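# Chains, contacts and geometry: an overview
What follows is each chain in one-letter form.
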Amino acid sequence: MTAARLRSTPLSPRRCTCPSFTLDPGAPAGEDGAKEHRMTPYFTREELAEAATLVHRQMAPTPQYAWPLLSRETGCSTWVKHENHGPTGAFKVRGGITFIDWLKRTRPDCPGVITATRGNHGQSQARAARAAGLRAVIYVPRGNSAEKNEAMRAFGAELVEFGEDFDTAREEAMRVAAQEGLQPVPPFHRELVRGVATYAFELFTAKPDLDTVYVPIGCGSGICGVIAARDALGLKTRVVGVVSTEALTAKLSAEAGRPIETPSARTFADGVAVRVPVPEALEIYGKGADRILAVSEDEIAEAIRLYFRTTHNAAEGAGAAALAALCQERAAMQGREVGVILSGGNIDTDWMAGILAGQTPRL
């Protein structure tokens, strides 16, 4: 998106200021009024362990670090789950591994897959499909990230540009799947979530004492994987979803208890740029998340700078959204053990340069 403009904002000070579940309606409120949930886990611990074994054949577990400078800035012990360290630079790679494995077992004669993406899901599917000898047709909206498009093609994707946003591209990909003779990969599928959940399984196995975990919400596989892993392990960790103020569908839908579409989703955090909620995912995060926060474009940009300054890691917009939300709730999180999901680091070079110069991308 080299044509994207950047608006200047003053550099901030160095300390940030900023299948379904069943819910027991009689579950009491927890400490500080937080929701407590007693749910039937989406996966068993054994199902997640099996998925982790499969995923780890193709990639090492990603680390979780409590960076001292970052913890000093946030005022709490802040554990970063580094999904930016995976082979595609984002958490979606895990779902591609488990989905393509499932496809090969259940439809051995299928020639390939077709799906839509803003980039990370597409890289995941292309990587796993081509490794299995399958086609991968990937739809993206016009004006999508040039560098993510290039990465998808490098992983073997047949890229098709269609529509003005992700949801339009998704509708078209699902429409043409049958005539192409390809397996449609929806934004939410049990095998996708089982793979994605392995990052949370790693995190909670390493740090079962986390008080709260902040996780971005796009179509919902990431937050649903976190909720599923928490419940499979029987933990009480609060899960907080995060959206952009410019893409509120998940927050509005969870608060209304029904799907609420938004007219647009124009955020530079393309991983959360969704305007049509996925009902199956909403059923899980609407009940399993403690709350959903909205962060502004400026807050996301500041979180990207904060990650780079304190950890020297690159974070894309969606990847920094969780940290932006923690900064919003900094006062309430003082002294606690907190996790933030750095879901991906695939940010275009020109955006990163502008952000580090104190600017915020504007579409």
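Details of the structure are given in the entry above.
Notes on the structure in this doc start here. (Residues numbered from 1 in each chain as written. Predicted model: local features only at pLDDT ≥ 70, side-chain atom pairs only at ≥ 80, totals over all residues. Heavy atoms only, no water.)

Turning our eyes to something else, we now look at the sheet that holds strand β5 (residues 135–140). Taken together, 4 strands build an open sheet; the order of strands is β6-β5-β4-β7 and the sheet is parallel. The open sheet has two edge strands, β6 (158–161) and β7 (183–184), and neither has a second partner. With 2 bridges connecting them, strand β4 (residues 112–116) and β7 associate as parallel partners. Residue pairing in the sheet places Ile-114 in a bridge with Pro-184 of β7. Seen against the sheet, helix α6 (residues 166–180) touches β4, β5 and β7 and runs at an angle of roughly 155° to β4. (Pairing = 2+ DSSP bridges. Helix = DSSP H or I, 4+ residues; strand = E, 2+ residues; numbered from the N terminus. Contact = heavy atoms within 4.5 Å. Axes fitted to C-alpha atoms, helices over the stretch in contact; angles between N-to-C directions.)

Along a regular strand, successive side chains alternate from one face of the sheet to the other. With 5 of 5 residues buried, strand β8 (residues 212–216) lies mostly within the body of the structure. The alternating pattern of β8 places Thr-212, Tyr-214 and Pro-216 and Val-213 and Val-215 on opposite faces, both of which are buried. Relative to strand β9 (residues 238–244), β8 is paired through 5 bridges, and the arrangement is parallel. Bridging across to β9, Tyr-214 finds its partner in Val-240. Regarding the hand of the β-α-β motif, the stretch spanning β8, helix α8 (residues 221–232) and β9 is right-handed. Here β8 runs beside strand β11 (residues 337–342); their pairing, made up of 3 bridges, is parallel. Across the sheet, residue Tyr-214 finds its bridge partner in β11, namely Val-340. (Buried < 20%, exposed > 50% of the residue type's maximum accessible area, 1.4 Å probe, protein only. Right-handed = clockwise from strand over helix to strand, strands pointing away.)

With that settled, consider the packing of helix α3 (residues 93–106) against helix α7 (residues 190–206). At their nearest, the axes of α3 and α7 sit 7 Å apart, and the two run at 140° to each other. When the interaxial angle is binned, α3 and α7 end up oblique. For α3 against α7, the interelement crossing comes out right-handed. Contacts from Arg-94, Gly-95, Gly-96, Thr-98, Phe-99 and Trp-102 of α3 reach α7 at Glu-191, Leu-192, Gly-195, Val-196, Thr-198, Tyr-199 and Glu-202. (Parallel < 35°, antiparallel > 145°, perpendicular 65-115°, else oblique. Left-handed = near helix turned anticlockwise from the far one by under 90°.)

In this section: the sheet that holds strand β2 (residues 64–66). Pairing in this open sheet of 6 strands is mixed, and the strands run β2-β3-β11-β8-β9-β10 from one edge to the other. Either end of the sheet is taken by a strand with one partner, and the two such strands are β2 and β10 (291–295). Within the sheet, the average angular offset between the axes of one strand and its neighbour, ignoring direction, is 25°. Where β2 and strand β3 (residues 77–82) come together, 3 bridges link them in antiparallel fashion. Within β3, the residue paired with Gln-64 across the bridge is Lys-81. With respect to the sheet, helix α9 (residues 249–256) is in contact with β9 and β10, its orientation differing from that of β10 by roughly 150°.

A few words on the environment of Ala-325. Tracing the backbone shows Ala-325 in helix α12 (residues 317–328). Along the primary structure Ala-325 and Leu-293 are separated by 32 residues, whereas in three dimensions their C-alpha atoms are 6.6 Å apart. When residues no more than four places from it in sequence are discounted, the contact partners of Ala-325 are Tyr-214, Val-242, Leu-293 and Val-295.

This paragraph deals with empty space enclosed by the protein. Estimated volume of the largest cavity: approximately 380 Å³. Surrounding the largest cavity, 32 residues form its lining, Lys-92, His-121, Gly-218, Cys-219 and Gly-271 being those nearest its centre. Element by element, the count of residues in the lining of the largest cavity is highest for α6, at 3 residues. Split into classes, the residues belonging to the lining of the largest cavity amount to 15 nonpolar, 11 polar and 6 charged. (1 Å grid on protein atoms, 1.4 Å probe; cavity = no way out; pocket = protein on both sides within 12 Å on 5 of 7 lines; lining within 4 Å. Points joined across faces, edges and corners; volume = space filled by probe spheres on them. Nonpolar A, V, L, I, M, F, W, Y, C, P; charged D, E, K, R; others polar.)

If you check α7, its first and last C-alpha atoms are 24 Å apart, about what 17 residues at 1.5 Å a residue would give, namely 24 Å. Thr-198 marks where α7 bends most, by close to 30°. Summarising burial for α7: 14 of the 17 residues are buried, a large majority. (Expected span 1.5 Å × (residues − 1). Bend = angle between axes of the 7 residues up to and from the residue.)

Formed by 51 residues in total, the largest nonpolar core has its most connected members in Ile-223 and Tyr-285. Considering every element that reaches this core, the biggest residue donor is α7, with 8 residues. Setting aside residues no more than four positions away along its own chain, Ile-223 makes contact with Val-215, Pro-216, Ile-217, Val-239, Gly-241, Tyr-285 and Ala-289. Within the second largest apolar cluster, 35 residues are counted, among which are Ala-301, Tyr-307, Ala-315 and Ile-355. (Core = buried A, V, L, I, M, F, W, Y, C linked by side-chain atoms within 4.5 Å.)

Running from N to C, helix α1 (residues 45–56) and α7 point in directions that differ by 90°, and their axes come no closer than 8 Å. In terms of their interaxial angle, α1 and α7 are classed as roughly perpendicular. Contacts from Arg-45, Glu-47, Leu-48, Ala-49, Glu-50, Ala-51, Ala-52, Val-55 and His-56 in α1 reach Arg-190, Arg-194, Gly-195, Ala-197, Thr-198, Phe-201 and Glu-202 in α7. Within the contact of α1 with α7, the residues separate by chemical class into 7 nonpolar, 3 polar and 6 charged.

Turning next to the pattern of salt bridges. All told, the structure shown has 24 salt bridges when counted by the stated rule. Taking the shortest distance from any N to any O, the salt bridge between Glu-316 and Lys-148 comes out at 2.8 Å. Of this pair, Glu-316 sits in the loop between α11 (297–311) and α12 while Lys-148 sits in helix α5 (residues 146–154), placing them 168 residues apart in sequence. Grouping residues by exposure puts Glu-316 and Lys-148 together as buried. (Salt bridge = Lys/Arg side-chain N within 4 Å of Asp/Glu carboxyl O.)

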